[in-house]
Structures are given as C-alpha cells and as structure tokens.
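# Structural description and commentary
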Amino acid sequence: MMRSMYSAVSGLKTHQTRMDVIGNNIANVNTVAFKSSSVTFSDILYQTTSNASGANATTGTGGVNAKQIGLGATAAATKVSITSAGASETTGNPFDIRLTDKNSTNFFIVNNGSENVFTRSGSFYVDGSGNLCMSSTGYTVMGWQVDETTGEIRKDTVSALRIMQEKNLTSAPEATTQATIAGVLDENDTDVKNDAGRVMNLNFYDNLGYQYTAKFAIKSTGTDGKYTVELTSVLDSNNKNIIADLNKQQIAQIFGNYDANATLGQYSLSKDYKYDSASNSYINKTTGEKFLINKATDNSTTFVGENGSKVSITEIFSGITTTIANNIKNGTNNYKVKLDTTTGQATVTGEQTSYDLEFDTSSGKFKSIGGENPSVMLNMGALSSGLINNNRNFQNITVDFSQCLNYENGGKSTIGADAGATDGKTGKGRKLGAMTGIFIDTSGRIYGTYDNGNTELLGQIAVAQFSNASGLEKVGESCYRTTLNSGEFDGIGVEISADGSSMTTGELEMSNVDLSSEFTSMITTQRGFQANSRVITTSDTLLEELVNLKR
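Now for a look at the structure at hand. Each residue is numbered by its place in its chain's sequence as written, counting from 1. Per-residue local features of the predicted model are confined to residues with pLDDT of at least 70, and side-chain atom pairs are confined, for both listing and counting, to 80 or more; whole-chain, interface and lining totals are unaffected and use all residues. Each side-chain value is worked out from all heavy atoms of the structure, with water and hydrogens disregarded.

## A closer look at the overall build of the chain
- A count of helical and extended segments in the chain gives six helices and 37 strands.
- The reference for a compact globule is 2.2 Å times residues^0.38; the radius of gyration itself is calculated from the C-alpha atoms. At 46 Å, the chain has a C-alpha radius of gyration far larger than the 24 Å of a compact globule built from 551 residues.
- Seen through its C-alpha atoms, the chain measures out along the principal axes to roughly 165 × 45 × 45 Å.
- Each residue is placed in one exposure class: buried if its accessible area under a 1.4 Å probe, protein chains only, is under 20% of its type's maximum, exposed if it is over 50%, and partly exposed if it falls in between. Going through the 551 residues of the chain one by one, you find that 41% of them count as buried.
- Taking all contacts inside the chain whose residues are at least 6 apart in sequence as the whole, residues at least 24 apart take part in 60%.
- Accessible surface is estimated by sampling points in the Shrake-Rupley manner with a 1.4 Å probe; for residues, cover comes only from the protein chains shown. Just so you have it, the chain exposes about 28,200 Å², and 46% of that area is on carbon and sulfur atoms. Helix numbers and strand numbers start at the N terminus; a helix is a DSSP run of H or I with at least 4 residues, a strand a run of E with at least 2. Should any heavy atoms of two residues lie within 4.5 Å, those residues are counted as being in contact.

Below you can see the structure in the form of structure tokens.
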C-alpha cells in the first residue's frame, strides 16, 4: 500500500481535531471568562531509505544527503490562551467581579465540596446559608476570615466566605465618648436671661445602644462674657428623667461644681410696684397699698398689705416664677430670698451644680469651661457605678466647648450640642445596626454597611497565581485544576493587589474568543482537510491503475 494514503489519513485526523477545537471555541463565544484554545501540528516520523554520506577526498566526490520519506502529521499540542483577558461586560450586579491582571494571571479559588478548583468566572451570589458562591455551579468562593481579636484579615488557609452569617447581620453598638458644643451664644437672647436658661440637648448612646438625651441649661450671670452651664436632666427613650431622684451634690459627680449657697438670680421690681425705702415697703402703683417687708410670710414669698390683702412674690418682682417661689417657700435645694432694704431688689440663693462658661470679651471667642480649656467631662460612668445602678452601661463623655462663640446675633442663639468630636465621627456612639448592604473593594475585601452608620470588614476574597497558568487542566464548568506542569496551590493564596492587579465589581470578563480568527482558522482547516482528502483519492487512482496492469 502507498505511504501517501496513510499520511493523508493522519492529516485528516489532525485537521478534524483542529476543527473540534474551533467548534468548541465558537460554541463558547458568550461563555463568561472562557479561554480559547488552539492546536499545533507536528510531523510524526520519517522512513529513511538511504543514510547521508560525507565527502570522499580520495575519490573527489561530495557528500549525499539522507533520503527520508515522511509518514504524516499529528496534533502536537492544544494551547489554551489563558493569559489573554476577555473584554469586560457591565452587569451592575455587586456580586459580579472581574479580575484585572497586572503582572500575573489571577484565579478565584472555589471549592466543589471535595477540592479547591480555580476559575476566572466571577459571577457570584449569596446562597441560603450566607455563603458567597458561583452562580452557575454553587461552588463556594474561598478567602480569608477576619481575626476577631484585631479586626483585620488573617491570611491563613483559605476557607468558605460565609458573609451573611448571623453575627454579620448586625453591627455592635458603641457608647458615645465625645461631644461638641458649637454655635453662637447671644447675651441678649431672652432664653439665656430667664430661669430655665438656654436649653441644649445632647443625644448619646450607652454601651448597649440605648439612646439618652442630656439636657443642659446655659444661664447668664449678669457679667459680660460669663455664664453658667448646668445639667438639668438625663432622659431615657421613654422620656423618663433618670437623675430626677439625685440631689445637687450627687449631680456634681456627673457634671458641674457644687455650691451650697450660690446666687441664682437678682430680680428687680415689676412695672406695677415701686419700693419705698423709708417704710421698707412695696407699694402697688394702682391702689397705693403698702406691703411691708417685715410682714412677709412663707419664707418671704407672700406679702401682707395694710388692708390685709396678700400678694405673691411673683407679682412684685419681674422674673421670679411660680417654680422659684415654691422652691423658696418649701426650702427646696436650700432656696432662699434676700430682700435689699435699700434698693428693694430680691436676690435668690440656693444649691447649684454648674460649670462657669467664660468668653474673651475682646474677641467673643471661647476662653474656659469650669476653669478648663477646652473641655469638661460628663461623668456618665458614675451613674452606672452606684448612683442609680451598677450596670456599668455608660461611658464618660468628653464635652468640648471650644467651638462656641459669644457674639451679637440679633438676640438669637444658635449654640447646640452634638455627639462626636469636632470631626463629627470620632466618639459619636451608635445604636445596634442592622445590615443594609455589602460591597467589595478593588483588593477583594468584603464590607458590610449598617443602618447605624458602621462599615465592618467581613472577609477578603483570595486569588491564586501559577508559574504556568497555561498548564492548568480544564475540568468544565469554567473551572481549572492544577497539574504537574502548572505549579501547585499552597492553600493560602495571595492578595490580588500585591502585584497591582485588582477586582472590579458590577462587571464580568467575557470570552476571549476572536470570531474573525476562528473563521479564518476554519477556512484553512477546511482546505487542509480537502487537500488530504485529495491525496487519498489520488493514491486510490494510482492503486487502481496498478491493479489494471493485469487484465
């Protein structure tokens, strides 16, 4: 039989193999992260009919080359274009991730239940158990966990990334530890001058995430640039004042300096009364009736007139409220009133727990609070360390007053209290947070976002790199397995940003199949197959002629 026929048969087989590869490439033209393959041919072997001979100096003849006849072709190798990245496809899905390679070809590490395999297909989702998985196969995505001690990624043997496990669904509360008082305090503000003072509310959290409101009152002292700040109440979420049963000395353990006989206010006469120093009496301008100072009763809160009528201290003096009058009458918090027999003015004294707030009168800028600069401590820890309970659920709060100013603002004050340092974040405190979303950054770190403003690290997607990525074995389902020629996986992986590579969410890597190249290869393959077919038919014709020699 003719050698050419068998050589042509081998050519048919190799071109058929090449066509199989081209067909597979075209079939996967839209497969996510598919890598095209190509076939390389080589000749098989040769039959030597005459060996080569060297030149003969004696006879003067030259050398003769060997006579060899080839015996066909074979598919020498199937090469995967694994280092060539496909184009990107935008999906908008936050769990779709595209790998962008810099110096090395990177692979996601996924586990099929028995072993780790590798893929470039980053189409993921979160399954019912909270695991990040391949959407096509359910294989779990592998990565590194967070070290609970440090809160940082622990780069150890990769494990399944269960990002939606129960402990990740909430973010722990944080107690407030800092607060800032800022804004303009106008000395002409009527609120600053009345008994209640200018009220500021500070909303803060304890260790358990419960919210409270500390109410402060800023009051004028009558001296330019000097005011007092006192803590009036601490309300819980049910609007109950939890320090209502504490006296002034106990409140001083929380906020302020205690003064047993502080001047709480000086009050002048109302427009309906005048004072007669000769008779030491207050005279009603309308009726002319006199009310002697020495005839006052109920701790000088009720005055008896010449005609036997009675008036309250609240009617004679402007600014003395019914609350103040009752405190004086009952001696609450050591309240007392002193009537000046020369001017007729009333001075109210009593227990007070407050800090002195002082401004620079030349610039209106903050000078000191309680003699300190720039802050004082709201010792909430004292409340839960014996004053009301021993739960120790409160943290002390550093209250910074350095941002407040003493300017004229049309009689309107803007001063207020906010939780947190001047940057608006540090020490602000938070309630218990519920997860609202998940995002993945360019280095593969997975973060959870919560409705209390927290962002917490949940894990990191690790990648694998190989010295010879083309040596990986395709196992189907867009996955690869290591071989002896690809290099081994160490079980730990690498961080993708180590060599400048990155991950992009909301995108997928498309197939790198080039249809123009595939169709061109298909044409040359078809022609090669046809040519080999012609060799067989021609060889057959020659054999037929040989047979026909004998008729």
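There's more to say after this.
## Some thoughts on the side chain of Asp-499
- Secondary-structure assignment places Asp-499 in the loop between strand 35 (479–481) and strand 36 (502–505).
- Counting rule applied: Lys, Arg positive; Asp, Glu negative; His and chain ends not counted. Whenever a carboxyl oxygen of Asp or Glu lies within 4 Å of a side-chain nitrogen of Lys or Arg, that contact is scored as a salt bridge. The side chain of Asp-499 is buried and forms no salt bridge, while Lys-102, the nearest opposite charge, is found at 9.0 Å.
- Polar contacts, as counted here, are pairs of nitrogen or oxygen atoms within 3.5 Å of one another; within protein the pair requires one atom able to donate a hydrogen and one able to accept it, and residues that are adjacent in sequence qualify only if both atoms are side-chain atoms. Within the structure, the side chain of Asp-499 is placed 2.8 Å from the side chain of Ser-501, a separation counted as a polar contact.
- Asp-499 has contacts with Lys-102, Asn-103, Ser-104 and Gln-465, leaving out every residue within four places of it along the chain.

## Brief notes about the packing of aromatic side chains
- Only Phe, Tyr and Trp rings take part, Trp by its six-membered ring, and two of them pair if their centres are within 6.5 Å. Stacked means planes under 30 degrees apart, edge-to-face means over 60, and tilted covers everything else. Tallied over the entire structure, the rule returns 16 aromatic pairs.
- Aromatic pair Tyr-275 and Tyr-282: ring centres 5.1 Å apart, planes at 50 degrees, arrangement tilted. Here Tyr-275 and Tyr-282 have matching classes, each one buried.
- Aromatic pair Tyr-282 and Phe-317: ring centres 5.4 Å apart, planes at 75 degrees, arrangement edge-to-face. Taken as a pair, Tyr-282 in strand 20 (residues 281–284) and Phe-317 in the loop between helix 4 (313–316) and helix 5 (322–330) lie far apart in primary sequence, 35 residues in all. Considered together, Tyr-282 and Phe-317 belong to a single accessibility category, that of buried residues.
- An aromatic cluster is present here, built from Phe-107, Phe-118, Phe-466, Tyr-480 and Phe-489 joined pairwise through their rings.

## So, helix 5
- Within helix 5 the residues assigned to the buried category are Ile-324, Ala-325, Asn-327 and Ile-328. Along the axis of helix 5, the buried residues cluster in a sector spanning 160 degrees; they form a single face. Turned more than 90 degrees from where helix 5 packs its buried face, Thr-322, Thr-323 and Asn-330 sit exposed.
- Of the surrounding secondary structure, the elements contacted by the buried residues of helix 5 are strand 18 (257–267), helix 4, strand 24 (336–339) and strand 25 (346–359).
- Trailing helix 5 by a residue or two, Gly-331 shows a phi angle of about 70 degrees, which is positive. What the arc describes is the spread of directions from the helix axis to the C-beta atoms.

## Some thoughts on the sheet that holds strand 20
- If DSSP finds at least two bridges between two strands, the strands pair. Sheet architecture is open: three strands sit in the order 19-20-21, paired in antiparallel fashion. The open sheet has two edge strands, strand 19 (273–276) and strand 21 (290–292), and neither has a second partner. Averaged over all pairs of adjacent strands, the angle between their axes in this sheet comes to 30 degrees, without regard to strand direction.
- Where strand 20 meets strand 21, three bridges bridge the pair, whose relative direction is antiparallel. Of the residues in strand 21, the one forming a bridge with Tyr-282 is Phe-291. Here the axes come from fitting lines to C-alpha atoms, over the contacting stretch only for helices, and the angles between their N-to-C directions go from 0 to 180 degrees.

## Concerning the sheet that holds strand 14 (residues 178–184)
- Taken in spatial order, the four strands of this open sheet run 27-28-14-29, and their pairing is mixed. At either margin of the open sheet sits one strand with a lone partner, and together these are strand 27 (375–378) and strand 29 (416–419). With strand direction ignored, the average angle separating the axes of adjacent strands in the sheet is 25 degrees.

## A word on the pairing of strand 25
- Burial within strand 25 is extensive, with 12 of its 14 residues counted as buried.
- Relative to strand 25, strand 17 (residues 226–235) runs antiparallel, the two being bridged by four bridges. Along strand 25, the bridge assignment pairs Tyr-227 with Leu-357.
- Examined bridge by bridge, strand 18 and strand 25 share eight bridges and lie antiparallel to one another. Within strand 25, the position partnered with Asn-257 by the bridge is Ser-354.
- With four bridges joining them, strand 24 and strand 25 adopt antiparallel strand pairing.

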